[in-house]
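Structural overview
If you want the building blocks of each chain, they are given just below.
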Amino acid sequence: MSSFANKANMRELLMHNFYLKRPRLDKLFEETLNNHSLIVICAGMGYGKTQAFASFLQESDARSDWVQLSERDNNISYFWEKYTNIAAASFPELETALKELGFPDTAAAFSKYAAIVDNLAAVPTRHVYVMDDFHFLKNPAIVRHVERTAHTLPVNANIIIISRTLPQISAVISEQAAIISEDNLRFTKEEICAYLRQLHIPSSSQYVQSIYNSTQGWAFAVNLAARSLKNAKSDKQYTLRAMKGNIFKLIDLEIFTALSDELQRFLVRLSLIEHLNADLVKNIAGDEALVSEMEGLTEYIRYDLFLNAYFIHSMFLDFLRQRQGLLTEEEKRDTYQKAGEWCETNGYHSNALEYYSQAVDYSAIIRTFNRQNRHIPQDVARCALKIFENAPETAAFENPWFPVTHLRIAISMWQPEKSMELAKRYISAYLARPESPEKNWALSWLYGSLGTLRLFMCTYTDVYDFDRYFQKQAEYHSRISAPTEGPPDYPIGAWALYVGTNRPGAIEEYIGALSRSISYVSVPLGGFMCGWDNLVRGELCFFRQEIDEAEKYIKQVIVKAQSCGQYYTWSYALIYLMRIAIARGNLHEAETVLQEMDALLDKSQYSTRYAIYDILAAFYYLSMGLPELIPDWLKQDFKPYVHPACIEGLANQVRANYHFQTRQYEKLLNFIESEHSKKDLLLSRINAFALKALSLFRMKKQREAIAALTEAYRLAEPERIIFPFSQYAKNMRALTFVATRSPDCAIPREWLEKISCKSSVFAKRQAHMLEEFRRKNGLDCAMNLSPKEKKVLYALSQGVSRAEIAASQNISAGMVRNFINSIYDKLGVDSLSSAVRIAVQQGIL
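Residues numbered from 1 in each chain as written. Predicted model: local features only at pLDDT ≥ 70, side-chain atom pairs only at ≥ 80, totals over all residues. Heavy atoms only, no water.

It is worth spelling out helix 39 (residues 749-777) at this point. The terminal C-alpha atoms of helix 39, which comprises 29 residues, lie 41 Å apart, in line with the 42 Å expected from a rise of 1.5 Å per residue. A positive backbone phi angle near 65° is found at G778, which sits one or two residues after helix 39. (Helix = DSSP H or I, 4+ residues; strand = E, 2+ residues; numbered from the N terminus. Expected span 1.5 Å × (residues − 1).)

Here the focus is the pattern of salt bridges. Applying the stated rule across the entire model yields 37 salt bridges. Put simply, R144 and E147 hold a salt bridge, and the shortest N to O gap is 3.7 Å. Here E147 and R144 lie together in helix 6 (residues 140-152), a separation of three residues that amounts to about one turn. The class for E147 is buried, based on a relative accessible area of 4%. (Salt bridge = Lys/Arg side-chain N within 4 Å of Asp/Glu carboxyl O. Buried < 20%, exposed > 50% of the residue type's maximum accessible area, 1.4 Å probe, protein only.)

An order of 2-3-4-1-5 is seen for the five strands of this open sheet, with the pairing classed as parallel. Two strands in the sheet have a free side with no partner beyond their single neighbour: strand 2 (63-68) and strand 5 (178-180). When strand polarity is set aside, the average angle formed by the axes of neighbouring strands in this sheet is 20°. Against the sheet, helix 2 (residues 49-58) engages strand 1 (38-42), strand 2, strand 3 (127-132) and strand 4 (157-163), with an angle of about 160° to strand 2. With respect to the sheet, helix 3 (residues 76-90) is in contact with strand 2 and strand 3, its orientation differing from that of strand 2 by roughly 160°. (Pairing = 2+ DSSP bridges. Axes fitted to C-alpha atoms, helices over the stretch in contact; angles between N-to-C directions. Contact = heavy atoms within 4.5 Å.)

What follows is about helix 35 (residues 682-698). End to end, helix 35 covers 25 Å across 17 residues, agreeing with the expected 24 Å (1.5 Å per residue, within 8%). Burial analysis of helix 35 places 16 of its 17 residues in the buried class, which makes it a mostly covered element. Remark: K700 follows helix 35 within two positions and exhibits a positive phi of approximately 65°.

A few words now on a negative patch on the surface. Among the surface-exposed residues, D261, E262, D287, E288 and E293 lie close enough to one another that they form a single negatively charged patch. Of all the secondary structure elements, the ones that give two or more residues to the negative patch are helix 14 (261-270) and helix 16 (288-295). Note that D261 resides in helix 14. (Patch = residues over 30% accessible without salt bridge, like charges linked within 9 Å, V, L, I, M, F, W, Y side chains within 5 Å. Areas by Shrake-Rupley, 256 points an atom, 1.4 Å probe, with all protein chains shown as cover. Lys, Arg positive; Asp, Glu negative; His and termini not counted. Charge placed at Lys NZ, Arg CZ, Asp CG, Glu CD.)

What follows concerns unusual backbone geometry. Phi is positive for D462, which is not a glycine, with a value near 60°. Considering the arrangement of structural elements, one finds D462 in the loop between helix 25 (437-461) and helix 26 (466-477). A relative accessible area of 19% means that D462 is categorised as buried. Here the phi dihedral of A729 falls at roughly 45°; this positive angle occurs in a residue that is not glycine.

With five of its five residues buried, strand 1 lies for the most part within the structure. Of the two faces of strand 1, the one holding L38, V40 and C42 and the one holding I39 and I41 are both buried throughout. Across five bridges, strand 1 lies against strand 4 in parallel orientation. In the strand pairing of strand 4, I39 is matched with I160. Both strand 1 and strand 5 contribute to a ladder of three bridges, which runs parallel. Residue I39 lies in a different strand from strand 5, and its bridge partner there is A178.

Bringing the packing of helix 20 (residues 362-370) against helix 23 (residues 401-412) into the picture now. At a minimum axis separation of 10 Å, helix 20 and helix 23 run at an interaxial angle of 45°. Classified by the interaxial angle, the pair formed by helix 20 and helix 23 is oblique. In terms of crossing hand, the pair formed by helix 20 and helix 23 is left-handed. Contacts from Y362, I366, F369 and N370 of helix 20 reach helix 23 at W401, F402, T405, R408 and I409. Residues belonging to the contact of helix 20 with helix 23 are distributed by class as follows: six nonpolar, two polar and one charged. (Parallel < 35°, antiparallel > 145°, perpendicular 65-115°, else oblique. Left-handed = near helix turned anticlockwise from the far one by under 90°. Nonpolar A, V, L, I, M, F, W, Y, C, P; charged D, E, K, R; others polar.)

Honestly, that's just the spatial picture; any functional story needs more than this.
This is the structure we're talking about:
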């Protein structure tokens, strides 16, 4: 059923004295829908694009989603919120999947999105997505998304683009999309004549020709001309000539001045906002009768029953915006306030912030912002930062949350110097104020935020003084008699050890400052940072490959985090338990960790639980050389992040391993060069240089590979870091083997042999774990071997040498080596004997 059809409960959407039903267009729309997935209705303002297609849908059996676009939709977060909310109205079962996926800005993400959308194929009726006012979209990523969606829709779905300008998309340029233009939409002379008869206006060929010549079939002007003729008492020729004047004047004369003063002001208030949800409109009106009076303007305002929203004709909306001077400041503020409340309730966070800013309601702005994920989207942060920077100085003292939130925003955008200056300014101002609970609360969390900032900065400064600020936080917090709301948890990113140097003593200085910080704030602040020091020691032991000691610390972390409800710390500890299980080759332990993380998915207050679960699962599958099984969003291109503490840093760790395992070496190297050319965390840099060395080695750039391995060694050896090398198993073993025989290699042979030995052990455990996984899940590994690989494996099993295989198959010795490496990769083994054993089990040999 069309979203425009409910004749029994609503007035006709398109008033017949405005719009003539034109069978010619209905037939055109029907034929086009049957033959094209993407249709562009392109014409200037007032050609009746929207009304024409809405009229068609009114009597169509198709279901529809109508997305009314604006300039704000160039913001990806805003567009995706709107898009998913509208899609959920038609298909509630898709809402969770679309929102968790996020905007699909990569090929991998779009593949997952296409699979979700493919569910529409099960719908028995046609489904039409209408993108109205598409000309407002300038963001190439969003335009590209719409076009790609059109190409992946099932046969029973279409995308309709309604636009004033022809979209610059390949399907339009290549003429693959159907174009319905102004020429199609123009009223013909016959239709003008029929329209005049419909309005009971005595028509003549002279009137019809005059209207046609003056309007060129422009629907909006045809309507105004007809109405002018209907109201004219005498000289109709003069009326037609005047119609050529200013259209806004005609709107004012023919429409606006005839409205009651209350309706005029109400319509102008609606022009202030983007969201015209029916509930919001009624709230702003405060009077059902006023809404009913507005609904009488069906020529210029349409109601979408399916979306429960009103849409104002763009020309009429422009006219109303020019009349905003009629409103008092109180009327404007009340409108923005109600719009902000609606947006906040319905998940339009960026718009809620903007509306509250217009309403000068900083308490609401703070509330909206602080409900965001700990890892704040950058577009939301930019919007909020602008609001706070433009706020009057008095706002900082009207609500103690104001300075704390302002500082948090600046930190989230990683503006360290600006954040330091801001923190000191707010602290100085509050210290000068009289004693009060609000003062102590603000100072407590300002010092706490400053401590967090200094913690993040130590990566780059090698200065570990953040404990001093956490001590001040505890001092002021102790002066607050009543319990107060504060951050419920501590955000963790890719690493727990934020040290960026291998300077002797730096790590112990960091751990010492961290332990002191925890002693100051953990108990008074309800477990804040609880277990973090154990987590750092566990992480360090793990990367030194002191696995038993690492496990001891990590299990202590879990006990502490569980007792305090610190879900970020808890889940991060589970990631290390997973990696410990992998390092031991223990499939059962790894699966137990996945089950423990699965239990955390019920914790609704833990906002990133699904992302962390996916990352945990990715480590599990990547450890066994099964990159195809990791969640799709982690197969995407690398994402920039403002600081390694961001969750994207952890996701990028997974992506780096995925790119290496899938042989996307150029992309991986580009990422390493762009992200690690600047100073970064010590463990992150070691891991990056190890991957760089391996990628270059796989690309047969031996000299460059050894140089990168040397850099990784120089960073790692002072702190006895091993795991970033040994985790790459047979790949690292091959590289160290070549390095030991290179006269140019400056790495001590003893270290290379140690890494080779530990890599061999890891490879065997990895192969054992993979074999157990495949046996347990009934996976047929050997069947993936190509015919040539099977021949090579058979020959090897019969004791034929590599040289003999090369000669008999007429291939080079290097090609034989490549075949063997491919066989080992596919079977998840590290030796010929294991490959033969699995091949026999699978019936290949």
